[in-house]
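Listed below are the residues making up each chain.
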Amino acid sequence: PPPLVKKRRNWHRHDYTEQDDGTKPVQAGTRTFVQKLRARSFPSADDIILRMNGTQLTQRYLEKHGFNSPIIVPQMDGLGLRLPPPTFSVMDVERYVGGDKIIDVIDVARQADSKMKLRNFVKYFMNPDRPKVLNVISLEFSDTKMSELVKVPDIGKKLSWVENYWPDDSVFTKPFVQKYCLMGVEDSYTDFHIDFGGTSVWYHVLWGEKIFYLIKPTDENLALYESWSSSVTQSEEFFGDKVDNCYKCVLKQGHTLFLPTGNLGYDLTIRNR
């Protein structure tokens, strides 16, 4: 007999084949999770974020006032930042980086990593009928032709330990951790995390829109994060519900966000080209 195609019902679980008895909790990244997340209300990050222009964000300013709060710079002017125009597309990324490059891709609904060629991801991205939500967050392109198109903000270079303190005579090769290209379709989601090594980071939205959810790195919150991140039920527990405040930060096209070291956060892509 012909095979029976069963209609999927467990849109709230990572395992597509898992039997749904109606009692299992929603897991992070699934379609149901993202829908519920969109409907929720959070305190605005305006209460904890500084808004500055590029000329104000200097090393002298940070030495005097510290770098303890996220900073949004709505315009690139004065940052020393150079980027391709907003017309730059994922197809241009393929052209400059190379379609054969193997990249890490996240299946958002399953919160599972896989690898594919860049050209295959671009084909997926350009297809309006996407069977999955795939997200690219770790394409480092410092060693490609695309690197010539991007100049890191001046303050980023001045704060970079790799740029300023990596010894020229080191037996270890200087790591490529300067320039990452993030490409996500609508509803791309990355769960709460601290960037590797507790580094401070900067983001610029070339096109589209991102939402960040931020939690202050207090001793209490970091202890809660350590417990949550090592829990076997991590994917079933929304970490933002465990802390005193989880702030919503909307980063629009053309905005640049600077996050100080240790901040807990995750991001959700709201809109792409």
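In this text, all values refer to a predicted model and were calculated from it rather than measured experimentally. (Residues numbered from 1 in each chain as written. Predicted model: local features only at pLDDT ≥ 70, side-chain atom pairs only at ≥ 80, totals over all residues. Heavy atoms only, no water.)

Novice: Please set out helix 7 (residues 219–229) residue by residue, giving values where relevant.
Specialist: Burial in helix 7 covers these residues: Asn221, Tyr225 and Trp228. One face of helix 7 carries all of its buried residues, which in axial projection span an arc of 65°. Structural note: helix 7 exposes Asp219, Glu220 and Glu226 on the side pointing more than 90 degrees away from its buried face. (Buried < 20%, exposed > 50% of the residue type's maximum accessible area, 1.4 Å probe, protein only. Helix = DSSP H or I, 4+ residues; strand = E, 2+ residues; numbered from the N terminus. Arc of directions from axis to C-beta.)

Novice: Which residues make up a nonpolar patch on the surface, and what values do they have?
Specialist: On the surface, Ile137, Tyr180, Leu182 and Phe196 cluster together into a nonpolar patch covering about 330 Å² of accessible area. We classify Ile137 as partly exposed; its relative accessible area is 30%. (Patch = residues over 30% accessible without salt bridge, like charges linked within 9 Å, V, L, I, M, F, W, Y side chains within 5 Å. Areas by Shrake-Rupley, 256 points an atom, 1.4 Å probe, with all protein chains shown as cover. Salt bridge = Lys/Arg side-chain N within 4 Å of Asp/Glu carboxyl O.)

Novice: So what's going on with the sheet that holds strand 8 (residues 201–204)? Which residues, and what values?
Specialist: With mixed pairing, the four strands of this open sheet are ordered in space as 1-2-11-8. Two strands close off the open sheet at either side, each with one partner strand: strand 1 (50–51) and strand 8. One ladder, built from three bridges, connects strand 2 (residues 71–73) with strand 11 (residues 256–259); its direction is antiparallel. Counted as the bridge partner of Ile72 is Leu257 from strand 11. (Pairing = 2+ DSSP bridges.)

Novice: Account for the pairing of strand 11, with residues named and values stated.
Specialist: On strand 11, burial covers both faces: Thr256 and Phe258 on one face and Leu257 and Leu259 on the other are all buried. By the bridge criterion, four bridges tie strand 8 to strand 11 in an arrangement that is antiparallel. Bridging across to strand 11, Val201 finds its partner in Leu259.

Novice: Outline the pattern of salt bridges, supporting the account with residue identities and numerical values.
Specialist: Applying the stated rule across the entire model yields 13 salt bridges. With a shortest N-O distance of 3.4 Å, Arg38 and Glu186 are connected by a salt bridge. Of this pair, Arg38 sits in helix 1 (residues 31–39) while Glu186 sits in the loop between strand 6 (180–184) and strand 7 (189–193); the two residues are 148 residues apart in sequence, bridging distant segments of the chain. Exposure remark for Arg38: the relative accessible area of 38% places this residue in the partly exposed category. Close ionic contact of Arg95 with Asp92 constitutes a salt bridge, the shortest N to O distance being 3.2 Å.

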